[in-house]
Amino acid sequence: DLETGKMVRPSIQPPPTYTSVFGKTLVRLAEEDPRIVAITAAMPEGTGTDLFRDRFPKRYYDVGLAEQHAVTFAAGLACEGIKPVVAIYSTFLQRGYDQIEHDVCLQGLPVVFCLDRGGLVGEDGPTHHGVFDFSYLRMIPGMAIMAPAEENELQHMLKTALDHAGPCALRYPRGSGMGRPMDPAPASLPWGRGVRLRAGRDLTFLAVGGRVQACLEAAELLEGKGVLAGVLNMRFIKPLDLDLLKEAASQTEKLVTVEDNALAGGFGSAVLEALSDASLRENSVLRLGIPDSFVMHGAPALLYQSLGLDAAGIAARVSEWCGVGLA
């Protein structure tokens, strides 16, 4: 301190949580658009909608432990020109599946589903892991699904979802973001488009959501052994960026899909379906994700490590697949 002459330990602010970024962005967008309302099911603090509640109490609805009602209520509001944002943990939105399909998607209503705690959530226990939403949502006609790689992308995806004319799901993890700089204002992203983060020669990672950063780190580890891996942040699980997928398939024979969702019916399955439909069966595809088993309790970092979905595990699995040792 220049005034007192005392040594002062600098304050290091932790990155904001995804939940807080969502809550603040929703409030900001609602200040610009009076049609936006927030709905949750007895989880205001857990979803960040408490910020919306405090700012817009007459536009906030907590329906209690009634996820089915939350979805149908949102559908009714959407029919009247309101823009409902339904914020529920990924695992608990499963309770409203019939309502999502029949009350929202069958009518093509613009309801935004914000799924907190996507992926492995650790200390909340096995009942709270959000590892099935890609699978149970992408099969519904008309449903769009996005997953941000970091917190700045989250604010843009929320804006994108609210600008979309149909049903849309946005899923993001529990906990702190990546510490990325935040753009001054949320803006709509190009619809259904991913982005290339790293060029590759030998293989290409197709990653979504919370596994994008792990793939970037895995690519660095592989480069040390002479394997040049490209990394795509696909952003959209549905609709898939078919142009970017075809470009990757033409540039590298080997493709690796990485997700924190169940492999059965998930993002990797969507990629395989798209490659088959485009008659691009000559590509070799390795799918990495949650295996066909329930994941038990534990810290997220340890759980991802145990499943081989951290950077080191991804690099080890890919090097084995390519016949290259990392030792």
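Conventions adopted
- Residues numbered from 1 in each chain as written.
- Predicted model: local features only at pLDDT ≥ 70, side-chain atom pairs only at ≥ 80, totals over all residues.
- Heavy atoms only, no water.
- Helix = DSSP H or I, 4+ residues; strand = E, 2+ residues; numbered from the N terminus.
- Buried < 20%, exposed > 50% of the residue type's maximum accessible area, 1.4 Å probe, protein only.
- Contact = heavy atoms within 4.5 Å.
- Lys, Arg positive; Asp, Glu negative; His and termini not counted.
- Charge placed at Lys NZ, Arg CZ, Asp CG, Glu CD.

J.: Would you mind showing me how to read the overall build of the chain here?
T.: Counting its regular elements, the chain contains 13 helices and twelve strands. For the chain, the spread of C-alpha atoms along the three principal axes comes to 70 × 60 × 35 Å. Scored against the burial criterion, the 327 residues of the chain give a buried share of 54%. Sequence-distant contacts, at least 24 apart, represent 78% of the contacts inside the chain between residues at least 6 apart. Averaging the positions of the 30 positive and the 39 negative side-chain charges in the chain gives two centres separated by 2 Å.

J.: Teacher, can you tell me more about unusual backbone geometry here?
T.: Note: most peptide bonds trans; most residues except glycine with negative phi. In this model, Lys238 is joined to Pro239 through a cis peptide bond whose omega is 0°. Structurally, Pro239 is set in the loop between strand 10 (236–238) and helix 10 (242–251). Backbone geometry at Arg235 places phi at a positive 65°, although glycine is not the residue there. Its location among the elements puts Arg235 in the loop between strand 9 (229–233) and strand 10. Take Arg235: its relative accessible area is 14%, and that puts it in the buried class. A positive phi angle, close to 60°, is found at Ser279, a residue other than glycine.

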